[in-house]
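Understanding the architecture of this molecule
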Amino acid sequence: MQLRYGVGAGGGKFHVPDYADDAIPEDGDIWRSRLSKYFHACCKASNDFAKAEEITQENRYVCIATSGGLNQQRTGIIDSVVAARILNATLVVPKLDKQSYWKDSSNFSQIFNVDWFISYLAEDVRIIKELPLKGGETWTPYNMRVPRKCNESCYLNRVLPNLLKRRAVQFTKFHYRLSNRLETDLQKLRCRVNYHALKFTDPITQMGEKLAMRMRTMKKHYIALHLRFEPDMLAFSGCYYGGAT
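Residues numbered from 1 in each chain as written. Predicted model: local features only at pLDDT ≥ 70, side-chain atom pairs only at ≥ 80, totals over all residues. Heavy atoms only, no water.

Quick word on the pattern of salt bridges
By the definition in use, this model includes four salt bridges. Among the ionic pairs, Lys51 bridges to Glu123, the shortest N-O distance being 3.0 Å. Of this pair, Lys51 sits in the loop between strand E2 (13-18) and helix H1 (52-55) while Glu123 sits in the loop between helix H4 (114-120) and strand E5 (127-128), and the two are 72 residues apart along the sequence. Of the residues examined, Lys51 reaches a relative accessible area of 36% and is grouped as partly exposed. Residues Asp115 and Lys129 are paired through a salt bridge, measuring 2.9 Å at the closest nitrogen-oxygen approach. Remark: Lys129 occurs in the loop between E5 and strand E6 (142-144) and Asp115 occurs in helix H4; sequence separation between them is 14 residues. A residue is classified by how much of its surface remains accessible, and Lys129, at 45% relative accessible area, is partly exposed. (Salt bridge = Lys/Arg side-chain N within 4 Å of Asp/Glu carboxyl O. Helix = DSSP H or I, 4+ residues; strand = E, 2+ residues; numbered from the N terminus. Buried < 20%, exposed > 50% of the residue type's maximum accessible area, 1.4 Å probe, protein only.)

Have a look at this one:
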């Protein structure tokens, strides 16, 4: 192992280890490397983040009607979990938009692995597939629109009173309705939903793997081109957009 030296902010020397190439496995899985004991998952909840069973209140149900293309709907799904957590409510599996841009008859369970989604997030938010019956009859939730970039205080002040009164609310046009500035544990929850809880169904995953395998077989290098990449795809995501394509 070689060491490289530099000068720190306080004037003292520091060194950065130059590890051998075999420190990382050939498949690139850093968690199986001999250095993994120095790593930690940034999306792991802190010890202060209470379990869902401790904070979820009875008769509080949040329903989501997503909108836009699949990218926007995915954002809405991710944020819906955090919104339900803020409200100490049970989340009903979100409804996908079938009218505006997407124009597809598929529901959530046909795109994403719904059972994995529910089980993976069980300690964070209680999630159910359907709104329960009310007095033996179908329960129609109260529709409301949440302001864009609504933070925790916004949800507690604007949404919670309606939720306490109606018991079940449905957020319409739900994308970009949650602030990017949240407390750390809620941001981590966002990451857990995005990178772990949301998995495509097996047929979609298998098709993607087949396409990637064919491209790798044909050439060593390839580019995945999004035919509708526009600045507004990142405008509300909280990511920096430098203008390059």
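Right, picking up where we left off after that structure.
So, the sheet that holds E6
The strand order across the open sheet formed by five strands is E5-E4-E3-E7-E6, and the pairing between neighbours is parallel. Edge positions in the sheet fall to E5 and E6, since each has one partner strand and no second. Strand contacts of helix H5 (residues 152-166): strand E3 (61-64), E6 and strand E7 (168-171), with the helix running at about 135° to E7, the strand carrying the most contacts. (Pairing = 2+ DSSP bridges. Contact = heavy atoms within 4.5 Å. Axes fitted to C-alpha atoms, helices over the stretch in contact; angles between N-to-C directions.)

Section: the state of the cysteines
Covalently bonding the sulfur atom of one cysteine to the sulfur atom of another cysteine gives a disulfide. Applying the stated criterion across every chain, the model contains one disulfide. With a sulfur-sulfur separation of 1.8 Å, Cys150 is cross-linked through a disulfide to Cys154. Every disulfide takes its handedness from the sign of the S-S torsion; for Cys150 and Cys154 that torsion is -100°, giving left-handed. Cys154 shares its class with Cys150; the two are buried. (Disulfide = S-S within 2.5 Å.)

Let's talk about the environment of Val159
If you trace the backbone, Val159 turns up in helix H5. Taking C-alpha positions, Val159 is 9.3 Å from Arg145, a pair spaced 14 residues apart along the chain. Apart from the residues lying within four places of it in its own chain, the contact partners of Val159 are Leu87, Met144, Val146, Cys154 and Phe171.

Re the pairing of E7
Of the two faces of E7, both are covered, the one formed by Ala168 and Gln170 as well as the one formed by Val169 and Phe171. Where E3 meets E7, four bridges bridge the pair, whose relative direction is parallel. Counterpart to Val62 in the pairing with E7 is Val169. Handedness of the crossover joining E6 and E7 through H5: right-handed. (Right-handed = clockwise from strand over helix to strand, strands pointing away.)

Considerations on the confidence of the model for the protein chain
When the pLDDT values of the protein chain are averaged, the result is 82; 78% of them are 70 or greater. Looking at the elements of the protein chain, mean pLDDT is at its lowest for strand E1 (residues 2-7), recorded as 41, and at its highest for E5, recorded as 98. A low-confidence stretch, residues 1-9 stays under pLDDT 50, and its non-local contacts, those more than four residues away or across chains, total 22 contacts. (pLDDT = per-residue confidence, 0-100.)

Observations regarding the nonpolar core
Of all hydrophobic cores here, the largest spans 42 residues; its most connected members are Leu87, Phe117, Tyr155 and Phe171. Secondary structure elements with two or more residues in this core: E3, helix H2 (70-86), helix H3 (108-111), H4, H5, E7 and helix H6 (184-197). Here the element with the most residues in this core is H2; it accounts for seven residues. Look past the residues within four positions of Phe117 in its chain and what remains in contact with it is Ile77, Val81, Phe108, Ile127, Val193, Ala197 and Leu198. Residues Tyr61, Cys63, Ile128 and Trp139 belong to the second largest nonpolar core, which totals seven residues. (Core = buried A, V, L, I, M, F, W, Y, C linked by side-chain atoms within 4.5 Å.)

Things to note about H2
Taking 1.5 Å per residue, 17 residues should reach 24 Å; H2 reaches 24 Å between its end C-alpha atoms and fits that length. Judged by how many residues are buried, H2 sits mostly within the fold: 13 of 17 residues are covered. Count one or two residues on from H2 and you reach Asn88, which has phi positive near 55°. (Expected span 1.5 Å × (residues − 1).)

Side note on the pairing of E3
Side chains on a regular strand alternate between the two faces of the sheet. Residues of E3 alternate between two faces, with Tyr61 and Cys63 on one and Val62 and Ile64 on the opposite face, all of them buried. Bridge count between E3 and strand E4 (residues 90-92): two bridges; the pairing is parallel. Pairing of Val62 across the sheet is with Leu91, part of E4. Assessed by its sense of winding, the connection that carries the chain from E3 through H2 to E4 is right-handed.

Some thoughts on the packing of H2 against H6
H6 packs onto H2 with a crossing angle of 140° between their chain directions and a minimal axis gap of 9 Å. In terms of their interaxial angle, H2 and H6 are classed as oblique. Note on packing geometry: the crossing formed by H2 with H6 is right-handed. Counted together, Arg74, Ile78, Asp79, Val81, Val82, Arg85 and Ile86 of H2 and Leu186, Leu189, Arg190, Val193 and Asn194 of H6 form the full contact between these two elements. Across the contact of H2 with H6, the residue classes break down as seven nonpolar, one polar and four charged. (Parallel < 35°, antiparallel > 145°, perpendicular 65-115°, else oblique. Left-handed = near helix turned anticlockwise from the far one by under 90°. Nonpolar A, V, L, I, M, F, W, Y, C, P; charged D, E, K, R; others polar.)

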